[in-house]
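So you can see what is in the structure, the chains are spelled out below.
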Amino acid sequence: MEQKNITEYEKSYAIKEHPSIKGVQIIEGKNNFPISWLNQQGYCEYQIYMKGIETAATPEMTHGSDIHNQLEEAFKKDATPTSFEDAVEASKSEALMSRECFVVAPEFGIRGFIDEIWMKPDEIVIIDDKPGRTPYFSTMNQVRAYCLAYKSMTGETRKIKGALRERGTSNLFWIEVFTPEVEKEIRFTIERMQGLLEGSKPFIPTKNPNKCRSCRYKRYCEHFKRD
Ligand code: SF4
């Protein structure tokens with residue numbers, strides 16, 4: 001597949017930072033949060049509440065970002081720059097792939113970077129790289145939200161698939177067609193996130209002590225129970 005580095009977008013938005021929630025932007029009058037937060041929401045909603053606290057990156061996070069940066073550098077050496085819209089159009093007749101593809105959907109209040117996207121004449125495959133090979137509900141939701149944002153930006157009529165890949169390998173260990181049912185579910189989850197950010201819904205802490213034990217916020221969290 002031809003490699004395209006997406007560097008431009010025809011459409012741009014006026015962005016305001018949220019006055020009190022770091023990382024949330026206001027785009028077209030609506031709170032807009034990073035899609036990666038859905039990963040945390042599925043793990044423990046209270047982590048989102050704790051986000052304002054600066055904590056050191058875990059070794060797993062540092063390792064993950066090193067691999068990510070290496071792949072990104074290698075990709076940029078071989079890829080041809082293009083705009084998002086031209087890539088979408090060109091892919092209707094010839095398959096191409098890109099990395100770190102930015103997507104934003106003001107309508108739903110979400111934005112983020114797709115690790116890798118394959119645009120083919122008959123389908124779009126949206127891939128997120130993860131450590132390990134377990135498809136967690138939270139990571140599946142993250143990919144579903146990328147699919148939703150991509151569809152919202154393009155009005156895509158080709159089949160869209162979301163996939164999880166074992167980081168640093170070519171192993172797609174989970175793949176799913178983005179059906180109307182899946183879309184309905186992820187829209188519901190995103191609405192809940194919007195409710196948390198607006199303060200109309202409470203942040204629910206996990207009841208799983210194993211999750212708390214490996215949580216980077218445990219030192220500061222009132223819900224963490226020491227043994
Ligand atoms: S310590 Fe437990 S309850 Fe608190 S943020 Fe972490 S995972 Fe959630």
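Relevant structure appears above.
Presented here is a report on the structure given in the accompanying data block. (Residues numbered from 1 in each chain as written. Predicted model: local features only at pLDDT ≥ 70, side-chain atom pairs only at ≥ 80, totals over all residues. Heavy atoms only, no water.)

### A word on the overall build of the chain
Within the chain one finds 7 helices and 10 strands. Relative to a compact globule of 227 residues, whose C-alpha radius of gyration would be 17 Å, the chain shows 18 Å and is just as compact. Over its C-alpha atoms, taken along the principal directions, the chain stretches across nearly 60 × 40 × 30 Å. Relative to its 227 residues, the chain shows a buried fraction of 46%. Counted over contacts in the chain with a minimum sequence separation of 6, partners at least 24 positions apart contribute 67%. Only carbon and sulfur atoms are counted for the fraction: they give 52% of the accessible area of the chain, which is about 12400 Å². (Helix = DSSP H or I, 4+ residues; strand = E, 2+ residues; numbered from the N terminus. Rg over C-alpha atoms; globule rule 2.2 N^0.38 Å. Buried < 20%, exposed > 50% of the residue type's maximum accessible area, 1.4 Å probe, protein only. Contact = heavy atoms within 4.5 Å. Areas by Shrake-Rupley, 256 points an atom, 1.4 Å probe, with all protein chains shown as cover.)

### Comments concerning the site of the ligand
The environment of the ligand is made up of Cys44, Gln47, Pro205, Thr206, Cys212, Cys215, Lys218, Cys221, His223 and Phe224. Taken together, the residues of the shell around the ligand break down into 6 nonpolar, 3 polar and 1 charged. (Near = heavy atom within 4 Å. Nonpolar A, V, L, I, M, F, W, Y, C, P; charged D, E, K, R; others polar.)

### Structural notes on unusual backbone geometry
A positive phi angle, close to 50°, is found at glutamate 28, a residue other than glycine. With respect to the element layout, glutamate 28 can be found in the loop between strand 3 (25-27) and strand 4 (30-34). Judged by its relative accessible area of 60%, glutamate 28 is exposed. The phi angle at glutamate 100 is positive, at roughly 50°, despite the residue not being glycine. By the secondary structure assignment, glutamate 100 is in strand 6 (residues 96-105).

### Focus: helix 6 (residues 180-198)
In an α-helix there are 3.6 residues to a turn, and that puts residues three or four apart on one side. Over its 19 residues, helix 6 extends 27 Å from the first C-alpha to the last, a length consistent with the 27 Å expected when each residue adds 1.5 Å. Along helix 6, the residues classified as buried are Val182, Glu183, Ile186, Thr189, Ile190, Met193, Gln194, Gly195, Leu196 and Leu197. Structurally, helix 6 contributes buried residues whose contacts are with strand 4, helix 1 (37-43), helix 2 (45-49), strand 7 (110-119), helix 5 (137-154) and strand 10 (172-177). Backbone geometry just after helix 6 places glycine 199 at a positive phi near 90°. (Expected span 1.5 Å × (residues − 1).)

### Here's the deal with the pattern of salt bridges
Where charged atoms from two side chains of opposite charge come close, those side chains can pair. For the structure on display, the rule yields 14 salt bridges. A salt bridge links arginine 99 to glutamate 116, with the shortest nitrogen-to-oxygen separation between them at 3.1 Å. Of this pair, arginine 99 sits in strand 6 while glutamate 116 sits in strand 7, and the two are 17 residues apart along the sequence. Both residues of the pair, arginine 99 and glutamate 116, belong to the buried class. A network of salt bridges, in which partner residues are shared, links Arg99, Glu116, Asp129 and Arg165. (Salt bridge = Lys/Arg side-chain N within 4 Å of Asp/Glu carboxyl O.)

### Looking at the nonpolar core
Core analysis: the biggest nonpolar cluster contains 40 residues, and Phe33, Ile110, Met119, Ile126, Tyr150 and Ile190 have the highest contact counts within it. If you tally residues by element for this core, the top one is helix 5, at 8 residues. Setting aside chain neighbours within four positions, we find tyrosine 150 in contact with Phe84, Val88, Val103, Ile117, Met119, Ile124, Ile126, Glu156, Arg158 and Ile160. If you look at the next biggest cluster of nonpolar residues, it comprises 8 residues, including Cys44, Tyr46, Met50 and Cys215. (Core = buried A, V, L, I, M, F, W, Y, C linked by side-chain atoms within 4.5 Å.)

### Comments concerning the environment of glutamate 183
Position of glutamate 183 relative to the elements: it lies in helix 6. On the basis of relative accessibility, which here comes to 12%, the residue glutamate 183 falls in the buried class. Not counting residues up to four positions away in its chain, the partners in contact with glutamate 183 are Leu148, Lys151 and Phe178. Within polar-contact distance, the side chain of glutamate 183 engages the side chain of lysine 151 at 2.7 Å. (Polar contact = N/O pair within 3.5 Å; in protein donor to acceptor, adjacent residues only side chain to side chain.)

### Some points on the packing of helix 5 against helix 6
Between helix 5 and helix 6, the shortest axis-to-axis distance is 10 Å and the interhelical angle comes to 105°. The orientation of helix 5 with respect to helix 6, classified from their angle, is roughly perpendicular. The segment helix 5 lies against helix 6, with Asn141, Arg144, Ala145, Leu148 and Lys151 engaging Val182, Glu183, Ile186, Arg187, Thr189 and Ile190. Looking at the contact of helix 5 with helix 6 residue by residue, the class counts come to 5 nonpolar, 2 polar and 4 charged. (Axes fitted to C-alpha atoms, helices over the stretch in contact; angles between N-to-C directions. Parallel < 35°, antiparallel > 145°, perpendicular 65-115°, else oblique.)

### Section: the environment of glutamate 85
The topology assignment puts glutamate 85 in helix 4 (residues 84-90). For glutamate 85, a relative accessible area of 22% gives the class partly exposed. Considering only alpha carbons, one finds glutamate 85 and tryptophan 37, 48 residues apart in sequence, at a separation of 26 Å.

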